[in-house]
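Structural overview
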Amino acid sequence: MALCPAICLSRCALILAFLQLSQLDAAPFDVLGPPEPILALVGADVELPCHLTPNVSAEHMELRWVRKKVSPAVLVHRAGRSQDAEQMAEYRGRISLVKDNITAGHVAVRIHGVRPSDDGEYRCFFGEGESYEEAKVQLKVAALGADPHIQVEVQESGAIRLECSSAGWYPEPQVQWRTLQGENFPSTTESSIPDEEGLFTVSASLMIRDNTLGNVSCCIRNLLLGQEKEAGIPIPAPLFPQLTPWMVAVAVIMIILGFFTIGSICFTWRLYRERARERKREFSSKEKLLEELKWKKATLHAVDVTLDPDTAHPHLFLHDDFKSVRLEDSRQNLPEKPERFDSWPCVLGREAFTSGRHYWEVEVGNRTDWAIGVCREDVMKKGFDPMTPENGYWAVELYGNGYWALTPLRTPLPLAGAPHRVGIFLDYESGEISFYNMSDGSLIYAFPKVSFSGPLRPFFCIWSCGKKPLTICPLTEGLQGVSVVAETQDLSKDIPLSPIGDTDTLHSKLIPTPPGQGVP
């Protein structure tokens, strides 16, 4: 084992001496690379070509592609085969040599599943005997992120605060706020944070005090690709007209008169407040009991849901039992089908519902981003159509450290605690879709009732890679012994309810795959 460092040092010394000799004696050939930088998208494959001039054979030459150091290298090809021992760890399993035209001096190195860290300069060396020449190849890596999300917050002063966020960009994008008339606004605050893979998540806020602007849009642009994504939002009109002098005078008079009645009002208000508290406590207790009763009724309609592999995005890997799904960097070679998602990392359940009541549970665990719910069977699966009820989606998601209902403007969900398991209830005839936090049985969100037509199917989506999957809970788990009282009974009486069981441990094993780039 002690000989390995000595051998490596000797090899590096030979290489350096080889390079010095190549500088002293002119080689009988030159190495040329592409004159312009090569552009590659994250997750795609790219070739970095070099060729000899004159066009002599490179079949018996030593070929070496390097980054900043000669060794370890991106790829070393010597004596007719790749020298894996001299390869950088981050390129192992991701590099291959394209040598179809090697006898004419044309070769290239192919990088599979491009990452942001692959961006930069490469050098290719061709060596024969004591002759050694090199050329430079510039690789530019780019990624177009997700559609921007805009949050709206009305301040106490009447100003409106907009916050625009999007993830998955490379290199760092440019954010611009503008109106329909083309007027640009500088962001109040702006941040750009890279994740562990080097992709940027950008966030920019804007404070608006003019309610007459109409629509305002957030545009995020990738300058390298020359492409952008934009999301717009209407600015609400002012709730009250601008105060005139006579209105101010009336307000002042009313305030002065109000001081004379404060004494009696304080006494009356104290009595009213005490009574309101008692009514609120009574109402909250009854409301909580009603929610719990509704959830327990939903569990009586439990169905066995499985995942449909024919609809799964190529980056989604399913358990053998079709109960769990995980997003991977690598892309599977799957047959192209009309029902398969090709842009959003989504998969549907096999079961299609055209009537009745149905209930299932999904283990989300500690995942930091996901979307689950119900969608029409015929939703558009190609491209990036927004996931809204208008497009046939009824779902909730965890995204950007916040919970949301996927309505046209995204409805924030202020939950008391993070749900580790979510229950989904569909009542087809009544047009009801609701979601429950199985940690305490509380209602997460219920969509407004709608008239359904056509089959509906369970819907699952994962936004980032990770070892933690989404898992459909087994039908036999925790659904026995549920006892429900009739609606005409007194709600103040105790209701015998059995708890839902725990599925923290997954017994299925995901299909093993090598790591790579994530969502396209």
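Our subject is the structure listed above.
Residues numbered from 1 in each chain as written. Predicted model: local features only at pLDDT ≥ 70, side-chain atom pairs only at ≥ 80, totals over all residues. Heavy atoms only, no water.

**Overview of the packing of aromatic side chains**
According to the stated counting rule, one finds 12 aromatic pairs in the structure shown. Each residue in the set Trp-344, Phe-384 and Trp-463 is aromatic and connected to the rest through ring pairs, giving one cluster. A cation sits over an aromatic face here: Arg-67 above Tyr-122, 4.3 Å from the ring centre. Cation over ring: Lys-229 sits above Phe-384, and NZ or CZ is 4.6 Å from the ring centre. (Phe/Tyr/Trp six-rings, centres within 6.5 Å; stacked < 30°, edge-to-face > 60°. Lys NZ or Arg CZ within 6 Å of the ring centre and 35° of its normal.)

**Describing the pairing of strand S3 (residues 46-53)**
Only one face of S3 is covered, namely the face carrying Val-46, Leu-48, Cys-50 and Leu-52; the face carrying Glu-47, Pro-49, His-51 and Thr-53 is uncovered. Bridge count between strand S1 (residues 30-32) and S3: 3 bridges; the pairing is antiparallel. When the sheet's bridge partners are listed, Leu-32 is paired in S3 with His-51. Examined bridge by bridge, S3 and strand S8 (residues 106-111) share 6 bridges and lie antiparallel to one another. When the sheet's bridge partners are listed, Val-46 is paired in S8 with Ile-111. (Buried < 20%, exposed > 50% of the residue type's maximum accessible area, 1.4 Å probe, protein only. Helix = DSSP H or I, 4+ residues; strand = E, 2+ residues; numbered from the N terminus. Pairing = 2+ DSSP bridges.)

**As for the state of the cysteines**
One pass over the full model with this rule turns up 2 disulfides. Two residues, Cys-50 and Cys-124, share a disulfide whose sulfurs are 1.9 Å apart. Here Cys-50 and Cys-124 share a disulfide; its torsion about the S-S bond, -95°, makes the bridge left-handed. Pair noted here: Cys-50 is in strand S3 and Cys-124 is in strand S9 (residues 120-128), with a separation of 74 residues, a long-range link. Here Cys-50 matches Cys-124 in class, with each residue buried. Each disulfide pairs two cysteine sulfurs, and for Cys-164 the partner residue is Cys-218, the sulfurs being separated by 2.0 Å. When the S-S torsion is -75°, as for the bridge of Cys-164 with Cys-218, the disulfide is left-handed. Remark: Cys-218 occurs in strand S17 (residues 215-222) and Cys-164 occurs in strand S12 (residues 160-169); sequence separation between them is 54 residues. The connectivity of the disulfide-linked cysteines in the protein chain, indexed sequentially, is 1-2, 3-4. (Disulfide = S-S within 2.5 Å.)

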